[in-house]
Amino acid sequence: MALTPPIEMSDSYPPVLEEVARLAGLPEVCAAFDWFRSQEPQFAEWQMDAARIAAPPFGEAARGAWLAERFRELGLSEVQIDEAGNVFGVQPGYGSRSVALSAHIDTVFPATTPLNIQHRGSRLYGPGVSDNGAGIAALLAVAGAIRAVGISHALPFIFVGNVGEEGEGDLRGMRHVFATPRWRDSIAYSVIVDGAGSDTVVAEALGSRRFEVIVRGPGGHSWSDFGAPNPIIVLSRTLEVFRQTPLPASPKTTFNVGVIRGGTSVNSIPESASMRVDLRSTSMVEIDRLERALRIAVEQAIEAENRTASEHAKRKPQEVQCEVVAIGNRPAGELAADTRILKVIRAVDAHLGNVAQVQRASTDANIPLSLGREAIAIGGGGSGGGAHTLQEWFDTGGRDLGLRRILLTMLALSGVGE
Ligand SMILES: [Zn+2]
């Protein structure tokens, strides 16, 4: 994760700071802050209950149904699950625009992973307990606080437990939310809660595009068919050319060849070989350029290998073929420094005395940011570690700071009457 320089304060910063201080001083907001402290046992319970329900990519339905039940218990309206599996609940307000608070409900763990979730001292342990148990707990805590203390805000809040954030999910849940007119046309601001912590703001969406390059040929015996085109050699020719593609230092742009497979034995010319390539940048233009370079390198390698093979061929000409399959696509995007959502989160952090760095990462925020909407991704408070491993943990200490941060941000974006 790359860090970016601090974002310049603009002239309208002091009024936002004053507004946040006013909100934080309202009796009902103070009551919500107290509620966050007194209800921690409930938050930990919700978090562990969620983490005990398997939610592998494309298998989030049971956890989604559980979340919809909690949304109903908390009194949210319009509770529904869409055809992608996203769970919605609305806290009504006024006006046609709204503020969304979302957390992904999927995990990286396959359905067969034992979900041994434990609570010892201030810590919760187990797969998915922090990423994104912390986000799910934060959603429920904020919805619960607003109802418990009765805060009346202007713009409606839309609570979303979305599917498909991790890995092969490829942001399908958030993509679907922003392809649905009911939500796309109303959500003006998106606050995305992903994992633990209060010390970051993701305001730049790291884009990525991933490909599987598959090369197939006639195969053959290493001795008697020598000269037949070789898919592994095609891949090595491709990489030799592709790795020389010039990359800009800014916008930061990278590539990786992460998996390479092929062949059956040392004395066989392989019938197929494949590789997986990951291209990343904060700029879609650079990702497009890298993709073109990859495709050209593949074509040239195929041509070169087929030419060499036909020179060797004593009998019929045999050729290799290639397929470039897209296996992932996350759009890039970034927030302008003077957007309201950034001013608000920075004012909230200043008010709370919280130090947070602006970061760039690949999160659910990629989708609204790529559409030019205002979005940030932040943590659900507390602290955590071991994400994407069986040793994952979450420490509830300091969770209320993260929750106050989220609530104040939501209220400042929505507006609360004088
Ligand atoms: Zn996550």
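Remember, predicted model here, so these are calculated numbers, not experimental data.

### Some thoughts on the pairing of strand β2 (residues 87-91)
Within β2, five of the five residues are buried, leaving the element largely enclosed by the surrounding structure. By the alternation rule, side chains of β2 split into Val-87, Gly-89 and Gln-91 and Phe-88 and Val-90, which are all buried. Here strand β1 (residues 77-81) pairs with β2 via three bridges, running antiparallel. By the bridge assignment, Gln-80 is partnered in β2 with Phe-88. Across five bridges, β2 lies against strand β6 (residues 157-162) in antiparallel orientation. The partner of Gly-89 across the bridge, within β6, is Phe-159.

### Comments concerning the sheet that holds strand β18 (residues 383-385)
Spatially, β4-β5-β19-β18 is the arrangement adopted by the four strands of the open sheet, whose pairing is antiparallel. Strand pairing shows two members of the sheet lacking a second neighbour, β4 (118-120) and β18, which therefore form its edges. Strand-to-strand twist in this sheet, taken as the mean axis angle between neighbours without regard to direction, amounts to 20 degrees. Bridge analysis of strand β5 (residues 123-125) against strand β19 (residues 393-395) gives three bridges, and the strand direction is antiparallel. Along β19, the bridge assignment pairs Tyr-125 with Trp-393.

### Some points on the side chain of Glu-166
Assignment of secondary structure puts Glu-166 in the loop between β6 and α6 (172-177). One buried charged residue, Glu-166, remains without a salt bridge, the closest side chain of opposite sign being Arg-330 at 6.2 Å. Among the polar contacts made by the side chain of Glu-166, one reaches the side chain of His-388 at a distance of 3.2 Å. In this structure, Glu-166 is in contact with His-104, Asp-106, Thr-107, Val-108, Asp-131, Arg-330 and His-388, ignoring residues within four places of it in sequence.

Scoring rules and cut-offs
- Residues numbered from 1 in each chain as written.
- Predicted model: local features only at pLDDT ≥ 70, side-chain atom pairs only at ≥ 80, totals over all residues.
- Heavy atoms only, no water.
- Buried < 20%, exposed > 50% of the residue type's maximum accessible area, 1.4 Å probe, protein only.
- Helix = DSSP H or I, 4+ residues; strand = E, 2+ residues; numbered from the N terminus.
- Pairing = 2+ DSSP bridges.
- Axes fitted to C-alpha atoms, helices over the stretch in contact; angles between N-to-C directions.
- Lys, Arg positive; Asp, Glu negative; His and termini not counted.
- Salt bridge = Lys/Arg side-chain N within 4 Å of Asp/Glu carboxyl O.
- Polar contact = N/O pair within 3.5 Å; in protein donor to acceptor, adjacent residues only side chain to side chain.
- Contact = heavy atoms within 4.5 Å.

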